[in-house]
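Fold and geometry: a report
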Amino acid sequence: MSLPTLNGTARLIDNPELRFSAQGKAVVRVRLAFNARRKDDSGQWVDGDSFFIDGKAFDQHAERIAESLEKGMEVVVAGRLKTDQWTNREGEKRSGPSLLLDAIGPSLRYATARVEKAGGSGSGKRQAMDAARQASSREGLEDPWGSPPGGQSAGSWGGDEPPF
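Notes on the structure in this doc start here.

Right, let's get into the overall build of the protein chain. From N to C terminus, the protein chain includes two helices and six strands. Helices and strands in the protein chain line up, N terminus first, as β-β-β-β-α-β-β-α. Going through the 164 residues of the protein chain one by one, you find that 30% of them count as buried. Of the contacts formed within the protein chain by residues at least 6 apart in sequence, a portion of 62% connects residues at least 24 apart.

Below is the structure:
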C-alpha cells in the first residue's frame, strides 16, 4: 500500500525554511494553506474552510524550493501525506500530518514565472547559501539539526512542533 496523495493549489504562509543536517543534507519546510475561497450571493469573496500543513523536501529539490519560492505565493503542489511522530519536552508523544513534496511550483493564475534549468551558474542567493553551508562546516559551528537540543537523546526533540 502507498501513502495517500494530495494535489492542489495552496498559498505559502511563510518563506521556505531551509536547513542542513550534520551530514550536509538539505531539508526545506514550507508552510502551506489550502483554502476554499468562493464568491457569495452578493459577489463578495468569502473564505471557506482552510487546511494547513507543512510540506517537506530534501536535497537539491529543497534548495531549489528555497531559492524559488517565498511567502504569499500561490503554488501548485503534489505530494504524499504522512504522519510525523515525535516526543515533546515533557516526554509526551505527539504526531501530526506532513506532506512529502513530489512537485511544487508557482501558480501562473495571477503571476508569471521565468524558468531556468537547474545546474547552471546559479543565483546569488544560491551561492550565498552554499557559502554559508561551507563556512559553518569549516568553522565547526553548532548545527541545530546535527543533534537534539539540550543534549536530549535522539527522538526526543521536545516541543509541540514536529522535528523537520
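The subject of this paragraph is unusual backbone geometry. In this structure, Asp59 is a non-glycine residue whose phi angle is positive, near 60°. Relative to the elements of secondary structure, Asp59 occurs in helix α1 (residues 59–68).

Now for the environment of Leu32. Positionally, Leu32 belongs in strand β3 (residues 26–39). Classification of Leu32 by relative accessible area gives buried; the value is 0%. Taking C-alpha positions, Leu32 is 8.1 Å from Asp14, a pair spaced 18 residues apart along the chain. Ignoring anything within four residues of it in the chain, the contact list for Leu32 reads Ala10, Arg11, Leu12, Ile13, Phe51, Phe52, Ile53, Gly55, Val75, Val77, Leu99 and Ile104.

In this structure, Leu32, Ile65, Val75, Val77, Leu101 and Ile104 are the most contacted members of the largest nonpolar core, which totals 21 residues. At the level of secondary structure, the elements contributing two or more residues to this core comprise β1 (5–12), β2 (17–20), β3, β4 (45–58), α1, β5 (74–87) and β6 (93–106). Excluding anything up to four places from it in sequence, Val75 contacts Gly8, Thr9, Ala10, Leu12, Leu32, Leu69, Ile104, Gly105, Pro106 and Ser107.

Before going further, it helps to spend a moment on the environment of Asp14. Within the element layout of this structure, Asp14 appears in the loop between β1 and β2. Taking the C-alpha atoms as reference points, Asp14 and Leu69, 55 residues apart in sequence, are found 9.9 Å from one another. Those residues in contact with Asp14 that sit more than four places away from it in its chain are Arg31 and Lys71.

Another point: α1. Regarding α1, the residues found buried are Ala62, Glu63, Ile65 and Ala66. The buried residues of α1 all sit within an arc of 160° when viewed along its axis, so they share a single face.

Under the definition given, this model contains eleven salt bridges. We note a salt bridge from Glu17 to Arg29, for which the minimum N-O separation is 3.8 Å. Here Glu17 is found in strand β2, whereas its partner Arg29 is found in strand β3, with twelve residues between them in sequence. For Arg29, a relative accessible area of 16% translates into the label buried. With a closest N to O distance of 2.9 Å, Asp84 and Lys82 form a salt bridge. A relative accessible area of 8% means that Asp84 is categorised as buried. Accessibility expressed as a relative area gives 28% for Lys82, which makes it partly exposed.

Evaluated as defined, the whole model comprises one aromatic pair. For the pair Phe34 and Phe51, a centre-to-centre distance of 6.3 Å together with 40° between the ring planes defines the contact as tilted. Here the residue Phe34 occupies a position in strand β3, and Phe51 occupies one in strand β4, the gap between them amounting to 17 residues. Residue Phe34 is classed as buried on the basis of its relative accessible area, which comes to 12%. According to the relative accessible area criterion, Phe51 is partly exposed, its value standing at 39%.

Parameters and conventions
Throughout, residues of each chain are indexed from 1 in the direction in which the sequence is written. Local features in this predicted model are restricted to residues of pLDDT 70 or higher, and side-chain atom pairs are both shown and tallied only at a pLDDT of 80 or more, whereas totals for entire chains, interfaces and linings draw on every residue. Hydrogens and waters are ignored; side-chain quantities use all the structure's heavy atoms. A run of DSSP states H or I qualifies as a helix once it reaches four residues; a run of E qualifies as a strand once it reaches two. Both are numbered from the N-terminal end. Each residue gets one of three labels from its accessible area relative to the maximum for its type: buried under 20%, exposed over 50%, partly exposed in between, using a 1.4 Å probe on protein chains only. The contact definition used throughout considers only heavy atoms, calling two residues in contact when any of these lie within 4.5 Å. Throughout, nonpolar core names a set of buried Ala, Val, Leu, Ile, Met, Phe, Trp, Tyr and Cys residues whose side chains join them through atoms within 4.5 Å. Working note: the arc is built from the helix axis to C-beta atom directions. Salt bridges are defined as contacts in which a side-chain nitrogen from Lys or Arg sits within 4 Å of a carboxyl oxygen from Asp or Glu. Stacked, tilted and edge-to-face are the three classes applied to pairs of Phe, Tyr and Trp rings, where Trp contributes its six-membered ring and a pair requires centres within 6.5 Å; stacked means planes under 30 degrees apart, edge-to-face means over 60, and tilted covers the rest.

Everything listed is a geometric property; what it means functionally is a separate question.
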